[in-house]
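Remarks on the overall topology
One-letter residues, chain by chain:
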Amino acid sequence: MRYAMAIDTKKCVGCGDCVVACQTENNVPHGYCRDWIVERVDGTYPSLSLEFRSERCNHCDNSPCVRCCPTGASHIEEGGIVSVTPHKCIGCGACIQSCPYDARYSHPDGYVDKCTFCLHRVQKGQKTACVDVCPTKCLHFGDLDDPNSDVSLAIKDRSWKVLAPEAGTKPQLYFLT
Amino acid sequence: MKEELFVSGRNIPNIDPYLNIWHWQIPLYLFLGGLAAGILFFAGYFVVRGKEKEMKTTVKIAPIIAPIALILGLFALFLDLKHKLFFWQLYTTIRLESPMGWGAWTLMIITPISFIWVASYMKELIPGWNWKFDFLEKFEAFVIKHRVSLAWIMMIYAIILGVYTGILLSAFNARPLWNTSILGPLFLVSGFSTGLATIIWMSKDANERKILSRIDLVFIIIEIFLIVHLFMGFLAGSETAIEAANLFLGGEFTVSFWVFVVVIGLIFPALFETLEIWGMHVPKWLPPVMILFGGFMFRFIMVEAGQITRYLY
Amino acid sequence: MKTRRDFIKISTAGAGAAAISFKALGSKGFGLFESKTEGPVSDEDLTPYPTYCEVCFWKCAAWAYVDKNGTIRKVVGNKNDPHCNGRLCPRGTGGVGMVYDEDRLKTPLIRDTRKDGTQYFREATWDEALNKVADKMKEVKEKYGPEAFGLFNHGTPGGHFHHLLRAYGSESNAEPAFANCRGPRSSAYFSTFGAYVGSPECTDIRDTKCLVLIGSHLGENMHNSQVQEMSDAIDNGATIITVDPRFSTAAAHSNHWLPIKPSTDIALLMAWIHVLIYEGLYDKDYVEQYTFGLDYLKDHVKNMTPEWAYGITTIEPEEIRRTARAMADAAPAVIIHPGRHVVWYGDDTQRGRAMAILTALLGAWGKRGGLYFPEGVSVPAYPHPHFPEPKWTWKDWNAGRYPLATMGITTEALKASIPRYNYKHQLKAWLVAGTNLPLSMPDKPLFKEAADSVEFIAVMDTMPMDITGYADVIFPEATYLERYDVIRSAANREPNIALRMPAIEPKYDSKPGWWIAKQIGERLGLHDYFNYDDYSEVIDWQLKQLGTSLEEMKKIGVKKFPRKSGPLYLGDGENYDFNTTTGKIELYSVDFADHGFDPIPNYTKHPEPPQNFYRLIYGRAPMHTFSRTSNNPHLSDLMSENSVWVNPKVADLWGLKNGQEVWLKNQDDAITSFPVKVRVTERIRWDSVYMVHGFGHKNKKLSRAFGKGAADTEMITNVAVDPIMGGTGMRGNFITFLTEDPALEEKEVKA
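Residues numbered from 1 in each chain as written. Chains lettered and ligands numbered in written order. Predicted model: local features only at pLDDT ≥ 70, side-chain atom pairs only at ≥ 80, totals over all residues. Heavy atoms only, no water.

The name given to chain A in an unreviewed UniProt entry is Tetrathionate reductase, and the organism recorded there is Draconibacterium sediminis.

Right, here's the structure in full:
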């Protein structure tokens, strides 16, 4: 089982719904966010292109954050979801330094926090909060090992890219282009 | 024109616009760790070479600094933790892939060793010193008998400690400035140099100082050599590496790095130590102070600048 | 010796510390072994309450999830609701923030004067506040007649006050949403098709093959179901054509982006019409059967060629032809989106007419993938006596002008409030519900003068918005998540209704709008118009008339009903009588001709920015609703301030850097109260700048929104009034940059 997410940049309008839904679902404190939107503009008026990306932790297959954790608080859950056990975390910040996507942050309560692929929902067969709320339905989530899952079908016939592949982390967020 | 920006208001404290999770505590820890490593290495080295008597400060007196430095360093590290109540979780597991874990366990080994080393010379330094307990007296005798073996162990762990302070940073390839294997050896050499500087400063024996100064000079030259290679490596690398190097070649850290670290921390001490070897009189404390200052500034700047460099955005 | 008070303080501190450590040992295991984190709550531990959102006017039906402690944790869309299909937009998802915003209005406030003459708001009881308003209403009725009490409103809160005022004898109301937003297209489409496009618009986007956005930035304006359907259209490979001087989000997702020169849209539309007619691409059968005036139209557009339009719009003639052919290829599954906020240059009704004519030529009205026939549920009114006939209404302010206006024009209401304008029918007092006039109206000096002139202003709002600063009495309204409200029934593909019920009790001393209106009504002796104790009785009665009940609606939230008015679309060749003068779709508008307006649109050149000035274009951001949400903690986290978009060439010229703060000054020397940050971007033309509307709040009580960004409306002093229905064209304002604080400059000069 390998959970992954696909983001269709041809449809994302950068509305930020995924950001707010994650906050209300996961009780993220104000001023912090587990996912965010990046806007990229290329060209000169009027030959322009624009891309919106809804980004979050990539739940990498080769995650540097799990490797560098001295206490094992950062660990891999079912389906490759990278997770943090708060009461094992000492707040040393090594994992934050090791993430090339800057997906982690130091929660005001002291431990390190980040996107959890809504593990508590996935375990009940639901999708993540961001995928469920997206008005343009540009987010797809599911099991890559299942050829009929939402995410497998999404990346099947489309060209896609991942972020910072040269970092060697094998990220599991696929941006459909 | 290319624009890439956050449009969902992301402004996480200490992460945006630049990473700023580690402040002065980590550089201080790295500095003190390197310093202690240097002192302990040379203490062990000269015992193995049989030069205990000639290098009295190196072997017997300066090592007092080592445990103090290590404890202070550990305390700084503890202060840096954001989930302090759970610090003990560090010692519930050994994770070979985690440099932080390496550091925790290495320190766990070398700190007691440094205490034992100092303790084994207590009778020589403080006349009339008595351990009061019988088993401690027996233990002291055991240590003194096997001092050479202890010296070897100490030298090995000192090297591990010295190199580890650099590897801790270079393991984080996500920060382009630290993504180079030169950092390990560089921090090792720098640490040994600061250790030597401390011993030179403390020593009253001119001969001892001369021997150590010569060794220190070699280390400083190696350091300069490694720094040059560091920059050559960055400038030949990817865009993020070049940007990282540019922080020091025209960017915000240019003055502080080249003045504090290179000129004051390396070149001037080398100059003064050379002059001293040639017989000219130089204030005894000047080169060591400059080296120590340069050593700390080096680590401080590397940690600050490294967090500013990032892969994306 | 320590006093007794000190003693109490110390003991509580000690007890507190002991309590904390005890808790650490108790509730989540030992403090050392369990972190005090509070994670997400599982859906099983939450209770859902049905509601519909009030953050914007789309009114998506949703479920408010309340946890065991009585806190609303999240709001999620109702899957059965055609407005949202189970997915709320970011404002709806962030609506919880409205409830827990500590800056909320908490108690009724009454304007009072201190001994030293300064004014302030003092807290009052509901009785006092309600009595004051009721007394004033009685006073106005005696002195001037009830018609002199006016109402400005937006959204459901206004509805209750509309009812109150009608019972009282006044129909002097105005919604900025008409003359300051969609009014022109209402009049334009009504005179063409005899029907309104409605809100939500009856656009069949999910089945369309070609979507033309001219005057719409869908994706930045977050009209939920339309953004969703646009995404479906992209999936289906529909062609999207966007006409916009700015590279909007919609333009980025389009197949064709026409970077039009601002103010020249009518030329483009007429050129498209020309191509369709003269290349024979229009739907001949449809036009033959359903329309009137083709010959006039053909003659009128003879010289309006793409080459002619190129000189005006800077759009290449080939591109004009290409896009016209793409539309014709897709016909009748093509939508010329009627747009929103269409008040630009004063000839906006004519531009709406051009769009309506284009729609008719493509045969898209009443066709799948074009515009469908919506149907709503008619909710019966709760029994009340007949409303008294007022002696004059909002129509009379217009004094014969704007004959085709269908609702009150807000600027006219403002002028009617100012004695020096000498309107025959004057307004003496206002009730404002759910609209932030200072930030939504252009020509701020006019508003200020009007607010100063009237004798009394009562405002009902949830937040201390800028309008509250002008009030004499302020009513703190309970948010939509804390109250019952009217049954939502908007026209759609399938007739449907939605229930709003409270998820939690109103916080602080706030009260629902229906209760406030009823209390005032009782005090005015209008009990018969409010013949119930709790509004849930009204809802239950209405639902029972419709064949359901409050109990059922509480479980399902949304209920759909079968259509009664016939199919969604016109059948092929079906006979249809349009509600126009001629009974047909009027390509040539008889109504307009009768009133002396151009029966077929003409292009008029509009003023261009003078040297060193740039046209101000403004719009929406998907995470905000005008100025209403700037203080919402969730949404201000997403976007806390606006910026002014400047083209890199212009930035170079002025030496402006990204993130630099500038003040804006317009052609009438108005200066923004606050500075705004520059965003240097290629997405905007070199002759224009762009800002998101709704920032630059001046009320200090809005802790998150005060002073953030600048208010675009402060720059809108030149208003081009549409002679047909009174729409206030606002895009004819030009700004220049001030890099130094103008307030400092003034001080220097004085010294």
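**Some points on the overall build of chain C**
Helix and strand counts for chain C come out as 24 helices and 26 strands. For 751 residues, the compact-globule estimate of 2.2 N^0.38 gives 27 Å, and the C-alpha radius of gyration of chain C, at 27 Å, lies within 12% of that figure. For chain C, the C-alpha atoms occupy an extent of roughly 100 × 70 × 70 Å along the three principal directions. Burial status across chain C gives 62% buried among its 751 residues. Long-range pairs, those at least 24 residues apart, make up 74% of the contacts in chain C between residues at least 6 apart in sequence. For chain C, the separation between the mean place of its 87 positive charges and that of its 94 negative charges on side chains is 4 Å. (Helix = DSSP H or I, 4+ residues; strand = E, 2+ residues; numbered from the N terminus. Rg over C-alpha atoms; globule rule 2.2 N^0.38 Å. Buried < 20%, exposed > 50% of the residue type's maximum accessible area, 1.4 Å probe, protein only. Contact = heavy atoms within 4.5 Å. Lys, Arg positive; Asp, Glu negative; His and termini not counted. Charge placed at Lys NZ, Arg CZ, Asp CG, Glu CD.)

**What about the interface of chain A and chain C?**
Interfaces are often sized by the accessible area lost when the parts come together. With 44 residues of chain A at the contact, the number on the chain C side is 52 residues. Taking both partners together, chain A and chain C bury about 3,900 Å²; carbon and sulfur atoms supply 55% of that area. The interface formed by chain A and chain C holds five salt bridges in total. Scanning the region where chain A abuts chain C turns up 18 residue pairs in polar contact (both at pLDDT 80 or more). Mapped onto the side of chain A that touches chain C, the elements with two or more residues apiece are helix H1 (17-26), strand S2 (36-44), strand S3 (47-55), helix H4 (119-122) and helix H5 (129-133) of chain A. Among the elements that line the side of chain A that touches chain C, the one with the most residues is H1(A), at eight residues. Taken together, the residues that form the side of chain A that touches chain C break down as 18 nonpolar, 16 polar and ten charged. (Buried area = accessible area lost by both parts, 1.4 Å probe. Salt bridge = Lys/Arg side-chain N within 4 Å of Asp/Glu carboxyl O. Polar contact = N/O pair within 3.5 Å; in protein donor to acceptor, adjacent residues only side chain to side chain. Nonpolar A, V, L, I, M, F, W, Y, C, P; charged D, E, K, R; others polar.)

**Some details on the packing of aromatic side chains**
Counted according to the given criterion, the structure contains 68 aromatic pairs over all chains. Ring geometry for Phe41(B) against Phe192(B): centres 4.7 Å apart, planes inclined by 25°, an arrangement best described as stacked. Placement of the pair is Phe41(B) in helix H1 (residues 25-48) and Phe192(B) in helix H8 (residues 183-202), with a sequence separation of 151 residues. The buried category is assigned to Phe41(B), whose relative accessible area is 13%. The class for Phe192(B) is buried, based on a relative accessible area of 4%. Ring centres of Phe373(C) and Tyr576(C) lie 5.2 Å apart, and the angle between their planes is 5°; on these two criteria the pair is classed as stacked. In this pair, Phe373(C) sits in the loop between helix H14 (348-361) and helix H15 (410-417) while Tyr576(C) sits in the loop between strand S17 (558-560) and strand S18 (585-586), placing the two residues 203 residues apart along the sequence. On the basis of relative accessible area, Phe373(C) is assigned to the buried category, the value being 12%. Joined through ring pairs, the aromatic side chains of Phe187(B), Phe231(B), Phe248(B), Phe253(B), Phe257(B), Trp258(B) and Phe298(B) make up one cluster. One cation-aromatic arrangement involves Lys298(C) over Tyr278(C); the distance from NZ or CZ to the ring centre is 6.0 Å. (Phe/Tyr/Trp six-rings, centres within 6.5 Å; stacked < 30°, edge-to-face > 60°. Lys NZ or Arg CZ within 6 Å of the ring centre and 35° of its normal.)

**Side note on the sheet that holds strand S8 (residues 139-143) of chain A**
The strands that make up a sheet are held in pairs by hydrogen bonds between backbone atoms, and each pair lies either parallel or antiparallel. Residue and element names in this part refer to chain A. Reading across from one edge, S8-S1-S10-S9 is the order of the four strands in this open sheet, with mixed pairing throughout. Looking at which strands have only one partner, the edges of the open sheet turn out to be S8 and strand S9 (160-161). Bridge analysis of S9 against strand S10 (residues 173-176) gives two bridges, and the strand direction is antiparallel. Directly across from tryptophan 160, in S10, lies its bridge partner leucine 176. (Pairing = 2+ DSSP bridges.)

**As for the interface of chain A and chain B**
Each side of the interface is counted separately: chain A has 49 residues, and chain B has 41 residues. Area buried by chain A at its contact with chain B is led by Ile90(A), Gln97(A) and Asp102(A), which between them contribute 20% of it. Across the chain A-chain B interface, the total number found is four salt bridges. Arg40(A) is the salt-bridge partner of Glu4(B), the closest N and O atoms lying 4.0 Å from each other. Per-class residue counts for the side of chain A that touches chain B are 25 nonpolar, 13 polar and eleven charged. Pairing analysis gives four bridges linking S2(A) to strand S1 (residues 3-6) of chain B, with the strands arranged antiparallel. Bridging across to S1(B), Val41(A) finds its partner in Glu3(B).

**Regarding the sheet that holds S3(A)**
Read across the open sheet, the three strands follow the order S3(A)-S2(A)-S1(B); overall the sheet is antiparallel. Looking along the sheet, the strands with just one partner apiece sit at the ends: S3 of chain A together with S1 of chain B. Adjacent strand axes in the sheet meet at a mean angle of 15°, parallel and antiparallel pairs treated alike. (Axes fitted to C-alpha atoms, helices over the stretch in contact; angles between N-to-C directions.)

**A few points about the nonpolar core**
Counting 161 residues, the largest nonpolar core has Trp22(B), Trp117(B), Phe248(B) and Phe257(B) as its most contacted members. Counting residues per element, this core draws most heavily on H1(B), at 15 residues. With sequence-adjacent residues up to four places away left out, Trp22(B) is seen in contact with Cys92(A), Gly93(A), Ala94(A), Gln97(A), Asp80(B), Met100(B), Leu169(B), Phe172(B), Trp178(B), Val303(B), Glu304(B) and Gln307(B). (Core = buried A, V, L, I, M, F, W, Y, C linked by side-chain atoms within 4.5 Å.)

**Things to note about the side chain of Thr242(C)**
Residue and element names in this part refer to chain C. Within the element layout of this structure, threonine 242 appears in strand S9 (residues 239-243). Residue classification places threonine 242 among the buried positions, given a relative accessible area of 0%. In contact with threonine 242, other than residues within four places in its own chain, are Leu213, Ser248, Ala250, Ala251, Ser254, His256, Trp257 and Leu258.

**Thoughts on the pairing of strand S20 (residues 643-646) of chain C**
All names here are of chain C. Burial along S20 is two-sided: the residues Ser643 and Trp645 and Val644 and Val646 are all buried. Bridging between S20 and strand S22 (residues 676-680) involves four bridges; their strand directions are parallel. Bridging from a neighbouring strand, valine 646 pairs with valine 680 of S22.

**Some words on the pairing of strand S14 (residues 456-461) of chain C**
Side-chain positions along a regular strand alternate between the two faces of the sheet. Residues and elements named next belong to chain C. Within S14, six of the six residues are buried, which leaves the element mostly enclosed by the surrounding structure. Burial along S14 is two-sided: the residues Phe456, Ala458 and Met460 and Ile457, Val459 and Asp461 are all buried. Relative to S14, strand S13 (residues 429-433) runs parallel, the two being bridged by five bridges. In the sheet register, alanine 433 faces S14, and the bridge partner there is methionine 460. Here S14 runs beside strand S15 (residues 473-476); their pairing, made up of four bridges, is parallel. Bridging from a neighbouring strand, valine 459 pairs with isoleucine 474 of S15.

**Observations regarding the environment of Asn632(C)**
All names here are of chain C. In this fold, asparagine 632 is placed in the loop between strand S19 (614-619) and helix H22 (633-638). By relative accessible area, asparagine 632 is classed as buried at 5%. Separated by 73 residues in sequence, asparagine 632 and alanine 705 place their C-alpha atoms 8.6 Å apart. Ignoring any residue separated from it by four or fewer positions in sequence, one finds asparagine 632 in contact with Gly94, Gly95, Gly97, Met98, Asp101 and Arg704.

**Describing the environment of His256(C)**
Residues and elements named next belong to chain C. Within the secondary structure, histidine 256 sits in strand S10 (residues 256-258). Separated by 348 residues in the primary sequence, histidine 256 and threonine 604 have C-alpha atoms spaced 25 Å apart. Within the structure, histidine 256 has its side chain in polar contact with the side chain of glutamate 319 (distance 3.2 Å).

**Examining helix H9 (residues 265-278) of chain C**
Residues and elements named next belong to chain C. Relative to the 20 Å expected for 14 residues at 1.5 Å per residue, H9 spans 20 Å between its end C-alpha atoms, a close match to the ideal helical length. Among the 14 residues that make up H9, 13 are buried, leaving the element largely enclosed by the rest of the structure. One or two steps after H9, the chain reaches glycine 280, where phi turns positive at roughly 65°. (Expected span 1.5 Å × (residues − 1).)

**Side note on the packing of H1(B) against H8(B)**
Two measures define how a pair of helices packs: the angle their axes make with one another and the distance between the axes. Residue and element names in this part refer to chain B. Relative orientation of the contacting elements H1 and H8 amounts to 70°, with a least axis distance of 7 Å. Relative to H8, the element H1 lies roughly perpendicular. Crossing angle aside, the handedness with which H1 passes H8 is right-handed. Contacts between H1 and H8 involve Leu30, Phe31, Gly34, Leu35, Ala37, Gly38, Ile39, Phe41 and Phe42 from the former and Phe187, Gly191, Phe192, Thr194, Gly195, Leu196, Thr198 and Ile199 from the latter. Of the residues contributing to the contact of H1 with H8, the split by class is eleven nonpolar, six polar and no charged. (Parallel < 35°, antiparallel > 145°, perpendicular 65-115°, else oblique. Left-handed = near helix turned anticlockwise from the far one by under 90°.)

**Here's the deal with the side chain of Arg310(B)**
Topologically, Arg310(B) is positioned in the segment after helix H12 (286-308). On the accessibility criterion, Arg310(B) (12% relative accessible area) is buried. Within the local environment of Arg310(B), its side chain forms a polar contact with the side chain of Asp102(A), the two groups lying 2.9 Å apart. Among residues more than four places away in sequence, those in contact with Arg310(B) are Asp102(A), Arg10(B), Ile15(B), Asp16(B), Pro17(B), Tyr18(B), Ala174(B), Arg175(B), Pro176(B) and Thr240(B).

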